[in-house]
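Observations on the model geometry
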Amino acid sequence: MTNSRTCAAWGLAGSAVLLSPIMVIFLIPLMIGIGLDIFDLFGEAPFVLALCAPVAFVLLRLVSPRALARQLAALLRPRLPLNRWAS
């Protein structure tokens, strides 16, 4: 039972390795075409918002007040020598 599972797993892995470049070659133009169809269907604004939203979320997360407060507190916290305990 385990031998057949091992052979099946290796066979599927080998098939995936052999078929993945072919799938990539055909899927990239397909995805570009679907993206252009959506762009033509809905117009520019939603497409631009969809592309810029992840960048805006990352920037807001980097510049959030909580993150700035943590960084400022870490800078202002007194440093202790390595051989002393905080009491």
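Being a predicted model, the structure only gives us computed values, none of them experimental. (Residues numbered from 1 in each chain as written. Predicted model: local features only at pLDDT ≥ 70, side-chain atom pairs only at ≥ 80, totals over all residues. Heavy atoms only, no water.)

This part is about the overall build of the chain. If you tally the helices and strands in the chain, you get 3 helices and 0 strands. Tracing the chain from N to C terminus, the helices and strands come up as α-α-α. In the chain, which comprises 87 residues, the share counted as buried stands at 1%. Of the accessible surface of the chain, which amounts to about 8,400 Å², a share of 75% is contributed by carbon and sulfur atoms. (Helix = DSSP H or I, 4+ residues; strand = E, 2+ residues; numbered from the N terminus. Buried < 20%, exposed > 50% of the residue type's maximum accessible area, 1.4 Å probe, protein only. Areas by Shrake-Rupley, 256 points an atom, 1.4 Å probe, with all protein chains shown as cover.)

The end-to-end C-alpha distance of helix α1 (residues 2-42) is 52 Å, clearly below the 60 Å that 41 residues give at a rise of 1.5 Å each. The sharpest bend along α1 comes to roughly 40°, located at Leu19, with the proline Pro21 sitting one to four residues further on. Two residues or fewer past α1, Gly43 is found with a positive phi of approximately 95°. (Expected span 1.5 Å × (residues − 1). Bend = angle between axes of the 7 residues up to and from the residue.)

Of the residues in the chain, 87% reach a pLDDT of 70 or more, and the chain-wide mean stands at 78. Here helix α2 (residues 44-62) stands out as the least confident element of the chain, with mean pLDDT 75; α1 is the most confident, with 84. (pLDDT = per-residue confidence, 0-100.)

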